[in-house]
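# Results of the structural survey
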Amino acid sequence: IRSWLLSSWLLFGTLYPAYYSYKAVKTKNVKEYVRWMMYWIVFALYTVVETITDLTLAWFPLYYELKIAFVVWLLSPYTRGASLIYRKCLHPLLSSREREIDEYIVQAKERSYETMVNFGKQGLSIAATAAVTAAVKASYSFFYFSRECTTVLC
């Protein structure tokens, strides 16, 4: 049953909306494009929340069926669940916190760049040390091998 639920979740939650997002982009239908963008924003938040709830609520009876029903509700053109959540909750929240979120993202990018530079420096240092160590061992082995050959030949 879980494999069926997982495949249903993938079908309803990702493949179906991905295809209709493609069609909206292809036809340049702005109304559909906006609808699917709202869906993907809500679905991204849902995926984050789901990660936590899967750890804490997976034991709950019909939990997986409720997740699928929720995704179908988000997708339905009749209920317009994703649009409702986006317009009533996410848009006001994101609008009020947009400056803070943008500043946080800039800081995170700067920190990640600095971290990558530091990792790069550490990686180069480790690689250089390994190369020098390998060269020393190789030259020592060559010297030792040459000395043995000379001793044997004499």
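For the structure itself, consult the block above.
A brief structural summary.

Cut-offs used in this document
- Residues numbered from 1 in each chain as written.
- Predicted model: local features only at pLDDT ≥ 70, side-chain atom pairs only at ≥ 80, totals over all residues.
- Heavy atoms only, no water.
- Helix = DSSP H or I, 4+ residues; strand = E, 2+ residues; numbered from the N terminus.
- Buried < 20%, exposed > 50% of the residue type's maximum accessible area, 1.4 Å probe, protein only.
- Expected span 1.5 Å × (residues − 1).
- Bend = angle between axes of the 7 residues up to and from the residue.
- Polar contact = N/O pair within 3.5 Å; in protein donor to acceptor, adjacent residues only side chain to side chain.
- Core = buried A, V, L, I, M, F, W, Y, C linked by side-chain atoms within 4.5 Å.
- Contact = heavy atoms within 4.5 Å.
- Axes fitted to C-alpha atoms, helices over the stretch in contact; angles between N-to-C directions.
- Parallel < 35°, antiparallel > 145°, perpendicular 65-115°, else oblique.

Let us look at unusual backbone geometry. Backbone geometry at Lys28 places phi at a positive 60°, although glycine is not the residue there. As for its position among the elements, Lys28 is in the loop between helix H1 (2-27) and helix H2 (30-57). Overall, Lys28 belongs to the exposed group, its relative accessible area being 70%. Residues other than glycine seldom take positive phi values, yet Leu62 does so here, at roughly 65°. A residue is classified by how much of its surface remains accessible, and Leu62, at 57% relative accessible area, is exposed.

Looking now at H2. Taking 1.5 Å of rise per residue, 28 residues should cover 40 Å, and H2 covers 38 Å from first to last C-alpha, within 8% of that figure. Taking the largest bend as the criterion, H2 deviates by roughly 30°, centred on Thr51. Along H2, the positions that sit buried rather than exposed are Trp36, Met38, Tyr39, Val42, Phe43, Tyr46 and Glu50. The N-capping residue of H2, defined by a side-chain oxygen 3.2 Å from the backbone nitrogen of Lys31, is Asn29.

So, about the nonpolar core. Counting residues in hydrophobic clusters, the biggest one holds 13 residues, and the most contacted among them are Tyr39, Val42 and Val71. Secondary-structure elements contributing two or more residues to this core are H2, helix H3 (63-75) and helix H4 (81-153). Sort the elements by how many residues they give to this core and H2 lands first, with six residues. In this structure, Tyr39 is in contact with Phe12, Gly13, Pro17, Val71, Leu74, Leu75 and Ala82, ignoring residues within four places of it in sequence.

Let us look at the packing of H2 against H3. Contact geometry for H2 and H3: axes closest at 11 Å, N-to-C directions at 170°. It follows from the interaxial angle that H2 and H3 lie roughly antiparallel. Residues Arg35, Trp36, Tyr39, Val42, Phe43, Tyr46, Glu50, Thr53, Asp54 and Leu57 of H2 lie in contact with H3, whose contacting residues are Tyr63, Lys67, Phe70, Val71, Leu74 and Leu75.

A word on the side chain of Lys67. Mapping Lys67 onto the fold places it in helix H3. On the basis of relative accessibility, which here comes to 10%, the residue Lys67 falls in the buried class. In this structure Lys67 touches Tyr46, Glu50 and Asp54, once residues within four positions along its chain are discounted.

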